[in-house]
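Architecture at a glance
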Amino acid sequence: MNDLAATSTSSPAAKHLPDAQTVTSVKHWTDRLFSFRVTRPQSLRFRSGEFVMIGLLGENGKPLLRAYSIASPSWDEELEFYSIKVPDGPLTSKLQHIQPGDEIILRPKPVGTLVHDALLPGKRLWFLATGTGIAPFASLMREPETYEKYEEIYMLHTCRTLAELEYGRELVESLKDDPLIGEMIGDKLRYYPTTTREESPLMGRITDNLESGRIFDHYGIAPMNPATDRAMVCGSLAFNVDVKEVLEAFGLREGANSDPKEYVVEKAFVGDGI
Ligand code: FAD
Ligand code: A2P
C-alpha cells in the first residue's frame, strides 16, 4: 500500500471487497484529466469499447460507483481508464488522488454499444469523440479486430485546448511502434485532433468539419456514404445529438448490439440536470 494512500484515496476497507483491484500506475495530463491502470480480474472478459462500473468506498462505507469506459484493449493484461477530475464530483474529487498500490472497486460486468458487433461490415470506420469520450476509442484503436475489419480508420478528437488532446496524441504516436499491432495498423489509422478554443494546426468542431466537408478534403476522400462508412460516437449529450443529425444526413442509421447498422453512440458522461 502506498504511503500516501491513508491521506488520499480508497479507504482500507476496500481491501475486503471482492471486487477490489490494485492501481499500478497513474498519469496526470492536466489539472482536469488523468489516466490510470489497474490489475485485471482474471475472469474479466470484455469487448473493446465497453464500459464497467468503478469506484471507491464512500463516506457511508458503501461503494460509490460510476460508469467508465475501459480505455485498454481486450487483450491487455491490465485495465486502463482515462478520467475527468470534477472538483466537487462525489467520485472524482477522491479518485484523482489515487496512487500506485491503492485499491479501487471494479464491478466486472462490461456493457456498451461502442463495439464492432453493433456495426454492419464496412470499409471506413470513424471514431468521433470530444473530451474523455476518446476513452473507448483508446481501446478500439489498440484492438486488432479494428484493422482486420476496416481499410481506413479515422480518429477525430476535439477538445478546447491542445493540452486536453495530449493523452490521445501520445497514444496514437505510440501505436506506430507497438510490437503487437503496429504492423497491422500501417497507414490505416488517420488521426485528426482539433481544438476549438486554442490555436492549433487543425481547428474546429467535429460537426462543422464533417458538414463543411473539410475533413474529406483534408484526406482527399469521398464524403460519408452508408455503403462504405461506419461510425462510433462518444461525447457530451449535446455533441452526440448534433453528430447524430450530421450522420443521418449522410444516410447512416443508428444501430445497436441487437440490431447492427451504420453508426452507434454512447454518452461520455451524464451532464448536469440530464
Ligand atoms: P458526477 O456527479 O458523476 O458528475 C458531475 C458533473 O460533472 C456531471 O453532471 C457533468 O456535468 C460533469 N462530468 C462528469 N463526467 C464528465 C466527463 N467525463 N467529462 C466532462 N464532464 C463530466 N468519465 C470519465 O472521466 N471517463 C470515462 O471513461 C467515462 N466513461 C463513461 C461511460 C458512460 C457510459 C457514462 C454514462 C459515463 C462515463 N463517465 C466517464 C462519467 C463518469 O461516470 C462520472 O460522471 C465521472 O467520473 C464524474 O464522477 P463524479 O462522481 O466525480 O461526478
Ligand atoms: P466548443 O469549444 O466550440 O464548445 P466541453 O469541454 O464543453 O465538454 O467540449 C469539448 C469539446 O467539444 C469542445 O471543443 C467543444 O467545442 C466541443 N463541443 C461541445 N458541444 C458540441 C456540440 N454540440 N457539437 C460539436 N462539438 C461540440
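Heads up: the structure comes first, above all this text.
Presented here is an overview of the structure given in this document. None of these values were measured; they are calculated from a predicted model.

Things to note about helix 5 (residues 166-175)
Among all positions of helix 5, only Y167, G168, L171, V172 and L175 are buried. Down the axis of helix 5, the sector holding all buried residues measures 125°, keeping them to one side.

Quick word on the site of ligand 1
For ligand 1, the set of nearby residues contains 21 residues, the closest of which are A67, Y68, Y82, T92 and T132. Residue Y82 places a main-chain N or O atom 2.8 Å away from a nitrogen atom belonging to ligand 1. P90 places a main-chain nitrogen or oxygen 3.5 Å from an oxygen atom of ligand 1. In isolation ligand 1 exposes 870 Å². Once the protein is present, 83% of that is buried. Because more than half of its atoms lie within 2 Å of the grid, ligand 1 is assigned to the largest pocket. Residue assignment for the shell around ligand 1 shows that the elements contributing at least two residues are strand 4 (63-69) and strand 5 (78-84). Among the residues making up the shell around ligand 1, the classes are represented as 12 nonpolar, 6 polar and 3 charged.

Quick word on the layout of surface pockets
Here the largest pocket is characterised by a volume of approximately 1,500 Å³. Considering the residues around the largest pocket, the lining is formed by 44 residues, among which I84, T132, S236, A268 and F269 are closest to the centre. At the level of elements, strand 4, strand 5, helix 3 (135-140), strand 8 (152-159), helix 7 (206-211), strand 10 (229-235), helix 9 (237-249) and strand 11 (263-267) are the ones that each hand at least two residues to the lining of the largest pocket. The greatest single-element share of the lining of the largest pocket, amounting to 4 residues, is contributed by strand 4. Looking at the lining of the largest pocket residue by residue, the classes come out as 20 nonpolar, 14 polar and 10 charged. When residues of the lining of the largest pocket are sorted by domain, at least three fall in each of domain 1 (4-110) and domain 2 (116-265).

Concerning the sheet that holds strand 4
Pairing within the open sheet is antiparallel, and its 6 strands lie in the order 4-3-6-1-2-5. Sheet topology places strand 4 and strand 5 at the edges, where each strand pairs with a single neighbour. Shown here is a sheet whose adjacent strand axes are inclined to one another by a mean of 40°, direction ignored. Summarising the sheet, strand 2 (residues 33-39) and strand 5 pair through 7 bridges and their orientation is antiparallel. Within strand 5, the position partnered with F36 by the bridge is F81.

Some words on the packing of aromatic side chains
Overall, the coordinates contain 11 aromatic pairs when judged by the stated rule. Each ring, one from F34 and one from F36, has its centre 5.5 Å from the other, and the planes form 20°; the classification is stacked. Here the two residues F34 and F36 agree in accessibility, since each one is buried. In textbook terms, an aromatic cluster arises when at least three aromatic residues are bridged by ring pairs, as seen for W126, Y154, Y192, F216, Y219 and F250.

Thoughts on the state of the cysteines
What makes a disulfide is a covalent bond joining the sulfur atoms belonging to two cysteines. Tallied over the full model, the rule gives 0 disulfides. With no disulfide partner, C159 has as its closest neighbouring cysteine sulfur the one in C234, 12 Å distant. Here C234 falls in the buried class, since its relative accessible area comes to 2%.

What counts and what doesn't
- Residues numbered from 1 in each chain as written.
- Chains lettered and ligands numbered in written order.
- Predicted model: local features only at pLDDT ≥ 70, side-chain atom pairs only at ≥ 80, totals over all residues.
- Heavy atoms only, no water.
- Buried < 20%, exposed > 50% of the residue type's maximum accessible area, 1.4 Å probe, protein only.
- Helix = DSSP H or I, 4+ residues; strand = E, 2+ residues; numbered from the N terminus.
- Arc of directions from axis to C-beta.
- Near = heavy atom within 4 Å.
- Polar contact = N/O pair within 3.5 Å; in protein donor to acceptor, adjacent residues only side chain to side chain.
- Areas by Shrake-Rupley, 256 points an atom, 1.4 Å probe, with all protein chains shown as cover.
- 1 Å grid on protein atoms, 1.4 Å probe; cavity = no way out; pocket = protein on both sides within 12 Å on 5 of 7 lines; lining within 4 Å.
- Sits in = over half its atoms within 2 Å of the grid points.
- Nonpolar A, V, L, I, M, F, W, Y, C, P; charged D, E, K, R; others polar.
- Points joined across faces, edges and corners; volume = space filled by probe spheres on them.
- Domains from an automatic or database assignment.
- Pairing = 2+ DSSP bridges.
- Axes fitted to C-alpha atoms, helices over the stretch in contact; angles between N-to-C directions.
- Phe/Tyr/Trp six-rings, centres within 6.5 Å; stacked < 30°, edge-to-face > 60°.
- Disulfide = S-S within 2.5 Å.

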